[in-house]
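Observations on the model geometry
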Amino acid sequence: MSSQEFTHDPAAAIRDIMPPEVRRRSRLMENVRHAYVRTDRDALIEQHFDCLMEDLVERREPDHPETSEERAERLEGNIMVVIGESGAGKTTAMRRLFKNSPYAPGYGIANAHCPVLTVRVPSPCGVGELGRAVLWATRYQLARSHLPGPAVWGIVRRRLQALGVLVLHLDEGQDAPLAINVDERIKLRNLWKALLVDEVHPIGLIITGLPGIEDFLHPDRQLVRRGYWQTFERLTVPADNELVGATVVALADIAGLNVGGDVQQTIVPRLVHAGCYLLGITIEEIHNAIRFALRKNAIGSAPRKGEPTLDLTHFADAYAFRTGSFAPWNPYLAPDYAAIDVTRVLARKEPLEPEAAPTRKPRKRKLGGIA
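Quick caveat: nothing in here was measured; it's all calculated off a predicted structure.

Thresholds applied
- Residues numbered from 1 in each chain as written.
- Predicted model: local features only at pLDDT ≥ 70, side-chain atom pairs only at ≥ 80, totals over all residues.
- Heavy atoms only, no water.
- Helix = DSSP H or I, 4+ residues; strand = E, 2+ residues; numbered from the N terminus.
- Buried < 20%, exposed > 50% of the residue type's maximum accessible area, 1.4 Å probe, protein only.
- Contact = heavy atoms within 4.5 Å.
- Axes fitted to C-alpha atoms, helices over the stretch in contact; angles between N-to-C directions.
- Parallel < 35°, antiparallel > 145°, perpendicular 65-115°, else oblique.
- Left-handed = near helix turned anticlockwise from the far one by under 90°.
- Nonpolar A, V, L, I, M, F, W, Y, C, P; charged D, E, K, R; others polar.
- pLDDT = per-residue confidence, 0-100.
- Phe/Tyr/Trp six-rings, centres within 6.5 Å; stacked < 30°, edge-to-face > 60°.
- Expected span 1.5 Å × (residues − 1).
- Salt bridge = Lys/Arg side-chain N within 4 Å of Asp/Glu carboxyl O.
- 1 Å grid on protein atoms, 1.4 Å probe; cavity = no way out; pocket = protein on both sides within 12 Å on 5 of 7 lines; lining within 4 Å.
- Points joined across faces, edges and corners; volume = space filled by probe spheres on them.
- Pairing = 2+ DSSP bridges.

**As for the side chain of H287**
Along the polypeptide, H287 turns up in helix α13 (residues 279-298). H287 gets classed as buried once you look at its relative accessible area, which sits at 8%. Sequence-distant contacts of H287, that is, excluding residues within four places in its chain, are made with M29, V32, R33 and L251.

In structure tokens form, the structure reads like this:
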């Protein structure tokens, strides 16, 4: 082993030197982050995943072993596509699904031989780069670094079969076709379809990505027809107020905090706007506010009077700390919070109006040439 390699856990070393109060707060935050907000969309992706697995293992003649030719006759490809904006919570939902599904035992555990493999699609990437990313996720090292894309995917198919992988989950799948031309896109779709209809070891494909991935898949009617499609919608106010309010109270309770005031009236509308109307980002905002509340409760040599609480000031302080924006641009403080652009950071003054392009006086033409 090289002297430059480390076998210990660097995060554990940091935890060991943390003061007791910091370790206690960190442990509480781990519990808060571990909690999962289940919604109706989780039930739907479970149903889609169950159907995908059933399609993969069902036989036409259950009382007789299938030959490769008989299997080829029934193969049409099985694909599941989950679409949503960045921050909608797709990745968290899918990983939670796999970890709790009886069809994915040992998911995320090294050498557990789980039939489901998740690969984060690199960005940007082409056909070969994506294939290498899949191999890397299986701990496979290519002997040659300049293999063409189709050859790499041939190795991918054999590798997945050797590991007993039945489902390949490509997370952020919209990044795959970004940097490739039309011909390469066709090639990539065909390579994916080859996984789905492999006569010896068909693979189910799950793609999670931004809106637009359907445009990449749409030209192949077989992929569209055999797919299970789902979108993660944006939050709306007041329809989702109860869900978000209950989430604030539940996560605060895990951290040992009471929630002050009327949550659905004073916190939720501003919180949802700060979270860009996306569930994943909204939950991150709650996490940040809880951490601030825990830190403030621990400040000082004497305990604070009364029960520790989570209120609007903690959300505002956490937002200011994260973005560096002043109060007029803080959605938890501004009177007209819905007008705040929460994608801005370091907002300390109104953005300057773009300068008008200088007008050029038309040149006078001279006889006998160009002026």
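**Digging into the packing of helix α7 (residues 149-163) against helix α8 (residues 182-196)**
Orientation of α7 relative to α8, taken along the N-to-C sense of each, is 20°, at an axis distance of 11 Å. When the axis of α7 is compared with that of α8, the two are roughly parallel. α7 and α8 meet at a crossing whose hand is right-handed. On α8, the residues touching P150, W153, R157 and L160 of α7 are K187, L188, L191, W192, A194 and L195. Each residue belonging to the contact of α7 with α8 can be placed in one class, and the counts come to eight nonpolar, no polar and two charged.

**Notes on the confidence of the model for the chain**
Of all residues in the chain, 84% have pLDDT values of 70 or greater, and the mean over the chain is 85. Note that pLDDT drops below 50 for residues 365-371; the model gives that stretch four contacts with residues more than four away or on any other chain.

**Let's talk about helix α12 (residues 263-274)**
One turn of an α-helix holds 3.6 residues; hence residues three or four places apart share an orientation. Most of α12 is tucked away: nine of the 12 residues are buried. Every buried residue of α12 is listed here: V263, I267, V268, P269, R270, L271, V272, H273 and A274. The first or second residue beyond α12 is C276, which carries a positive phi of 60°.

**Points about the packing of α13 against helix α14 (residues 312-323)**
Put simply, α13 and α14 touch, their axes get as near as 8 Å, and they point 105° apart. In terms of their interaxial angle, α13 and α14 are classed as roughly perpendicular. For the pair formed by α13 and α14, the contact residues are E285, I286, N288, A289, F292, A293 and K296 on the first element and H314, F315, D317, A318, Y319, F321 and R322 on the second. For the contact of α13 with α14, the residue count by class is eight nonpolar, two polar and four charged.

**Overview of the packing of aromatic side chains**
With the rule as written, the count across this model stands at seven aromatic pairs. Summarising the aromatic geometry, the rings of W192 and F216 are spaced 5.6 Å apart at their centres and angled 85° between planes, so their arrangement reads as edge-to-face. With a gap of 24 residues between them, W192 in helix α8 and F216 in helix α9 (residues 213-217) connect regions that are remote in the sequence. One exposure class covers both W192 and F216, and it is buried.

**Looking at α8**
Under the 1.5 Å per step criterion, the end-to-end length of α8 is 21 Å for 15 residues, consistent within 8% with the ideal 21 Å. Buried residues of α8: L188, R189, L191, W192, A194, L195 and L196, and no others.

**Looking at the pattern of salt bridges**
Enumeration according to the criterion identifies eight salt bridges in this entry. Among the ionic pairs, D198 bridges to R157, the shortest N-O distance being 2.6 Å. In this pair, D198 is assigned in the loop between α8 and β4 (204-209) and R157 in helix α7, connecting sequence segments 41 residues apart. A salt bridge links E285 to R322; its shortest N-O distance comes to 3.0 Å. Here R322 lies in helix α14 and E285 lies in helix α13, a separation of 37 residues in the sequence. On the accessibility criterion, R322 (44% relative accessible area) is partly exposed.

**A closer look at the layout of surface pockets**
Within this model, the largest pocket holds a volume of roughly 620 Å³. Lining the largest pocket are 26 residues, with Y36, G89, T91, T92 and A93 positioned closest to its centre. Sorting the residues of the lining of the largest pocket by element identifies α2 (20-34), α3 (40-57), α5 (90-100) and α13 as the ones contributing at least two each. Among the elements that make up the lining of the largest pocket, the one with the highest residue count is α5 (eight residues).

**Some words on the environment of R225**
The residue R225 is located in helix α10 (residues 221-225) in this model. Given the relative accessible area of 54%, R225 is considered exposed.

**Looking at the sheet that holds β4**
Across the sheet, five strands lie side by side as β2-β3-β4-β1-β5; this open sheet has parallel pairing. Whereas interior strands pair on both sides, the edge strands pair on one side only; in this sheet they are β2 (116-120) and β5 (227-231). For this sheet, the mean inter-axis angle between neighbouring strands, taken without regard to orientation, is 15°. Pairing of strand β1 (residues 79-83) with β4, which is carried by five bridges, proceeds in the parallel orientation. Bridging from a neighbouring strand, I83 pairs with G209 of β4.

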